[in-house]
Amino acid sequence: DAGVTQSPTHLIKTRGQHVTLRCSPISGHKSVSWYQQVLGQGPQFIFQYYEKEERGRGNFPDRFSARQFPNYSSELNVNALLLGDSALYLCASSRPGQAYEQYFGPGTRLTVT
Amino acid sequence: AQKVTQAQTEISVVEKEDVTLDCVYETRDTTYYLFWYKQPPSGELVFLIRRNSFDEQNEISGRYSWNFQKSTSSFNFTITASQVVDSAVYFCALSPSVGNQFYFGTGTSLTVIP
């Protein structure tokens, strides 16, 4: 089975712009979580979605939003980009009822200049 | 509050030495899961092990072993006879049974010198 896929792999944006990151979960997984990993730090939880509904949200500003589609893929949107948004954005998927077993994708590396 | 502390920021060892990576966690939950992940320079998190709070048995997998002690809230990871391919950043993580988000430590960067 294919693992979690994310696109794009790398992205360079300018301050103030908007960005959309995409994630496709493993087949059969209905829950998707997003994490931000700033250089030198551990991943920080941003959102969790299950069955197209937000089920959890970390301590991130409203500039960050996400959604999940009927096929369980997900998008993470960040508005009004700041330099501090430069990070590796990781997506993880899990089976229903097994959110403790998350499979991580390769990440999207976002650079804001 | 949930928290994971990895006090060792960077460790360097010579190939074939043993090395232990420390992890201390905080949680008020009685049911939770602990994890170790490896992150090579490519960035993808590679799952190494998951332990639930009711299973304190130590585990060995090849050159890897894990020591879980609830009394000290620690979940340490030992690599025996380290190899250059073990060089990576290692993360310890906690997932409470409710909420299901992962809480990661800040990671330990391991460099194995040939």
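Structure's up top.
As a convention, each chain's residues are numbered from 1 in the sequence order in which they are written. Numbering of ligands from 1 and lettering of chains from A proceed in the order in which they are written. The predicted nature of this model means local features are confined to residues of pLDDT at least 70 and side-chain atom pairs, given and counted, to a pLDDT of 80 or more, with totals for whole chains, interfaces and linings taken over all residues. With hydrogens and water excluded, all non-hydrogen atoms of the structure serve as input to the side-chain values.

Q: So what about the sheet that holds strand S3 (residues 19-24) of chain A? Which residues, and what values?
A: Residues and elements named next belong to chain A. Strand order in this open sheet of four strands is S1-S3-S8-S7, and the pairing throughout is antiparallel. The sheet is open, and its two edges are formed by strand S1 (5-7) and strand S7 (64-68), each paired on a single side. Sheet twist, expressed as the mean angle between neighbouring strand axes with direction ignored, is 15°. In this description, strands pair whenever DSSP reports at least two bridges between them. Only DSSP runs of H or I reaching four residues or more are called helices, and only runs of E reaching two or more are called strands; each is numbered from the N terminus. Judged from the five bridges that link them, S3 and strand S8 (residues 74-78) form a sheet pairing that is antiparallel. From the neighbouring strand, threonine 20 faces S8, where its bridge partner is asparagine 77. Axis geometry follows a simple rule: fit a line to the C-alpha atoms, using only the stretch in contact for helices, then measure angles between N-to-C directions, giving values from 0 to 180 degrees.

Q: I'd like a rundown of the interface of chain B and chain A, residues and numbers included.
A: If you look at the interface, chain B gives 17 residues, while chain A gives 17 residues. At the boundary of chain B with chain A, total buried surface from both sides reaches about 1500 Å², with 54% on carbon and sulfur atoms. We define a salt bridge as a side-chain nitrogen of Lys or Arg found within 4 Å of a carboxyl oxygen belonging to Asp or Glu. Inspection of the region where chain B meets chain A yields one salt bridge. Across the pair B:Arg50 and A:Glu101 runs a salt bridge whose closest N-O atoms are separated by 2.9 Å. Two N or O atoms count as a polar contact when they lie within 3.5 Å, although within protein this holds only if one can serve as hydrogen donor and the other as acceptor, and sequence-adjacent residues are included solely when both atoms are side-chain atoms. On inspection of chain B and its partner chain A, the count reaches four residue pairs in polar contact (both at pLDDT 80 or more). We call two residues in contact whenever any of their non-hydrogen atoms come within 4.5 Å of each other. Accessible area that two parts lose when put together, evaluated with a 1.4 Å probe and summed over both, is termed the buried area.

Q: Explain the packing of aromatic side chains residue by residue, including any values.
A: Here a pair means two rings of Phe, Tyr or Trp (six-membered ring of Trp) with centres within 6.5 Å. Their orientation is stacked below 30 degrees between planes, edge-to-face above 60, and tilted elsewhere. Under the criterion given, the structure shown has 23 aromatic pairs over all chains. Here A:Tyr35 and A:Phe45 contribute two aromatic rings whose centre-to-centre distance is 5.7 Å and whose plane-to-plane angle is 65°, an arrangement assigned as edge-to-face. Residue A:Tyr35 is located in strand S4 (residues 31-37), and its partner A:Phe45 is located in strand S5 (residues 44-50); the two are separated by 10 residues in the primary sequence. Only protein chains enter the accessibility calculation, which uses a 1.4 Å probe; a residue whose area is less than 20% of its type maximum is buried, one above 50% is exposed, and one in between is partly exposed. By relative accessible area, which is 0% here, A:Tyr35 ends up buried. Its relative accessible area of 5% is what places A:Phe45 among the buried residues. Relative to B:Phe102, the ring of B:Tyr37 lies with its centre 6.4 Å away and its plane at 55°, an arrangement referred to as tilted. Remark: B:Phe102 occurs in the loop between strand S10 (88-96) and strand S11 (103-104) and B:Tyr37 occurs in strand S5 (residues 32-39); sequence separation between them is 65 residues. Like B:Tyr37, the residue B:Phe102 is buried in the burial classification.

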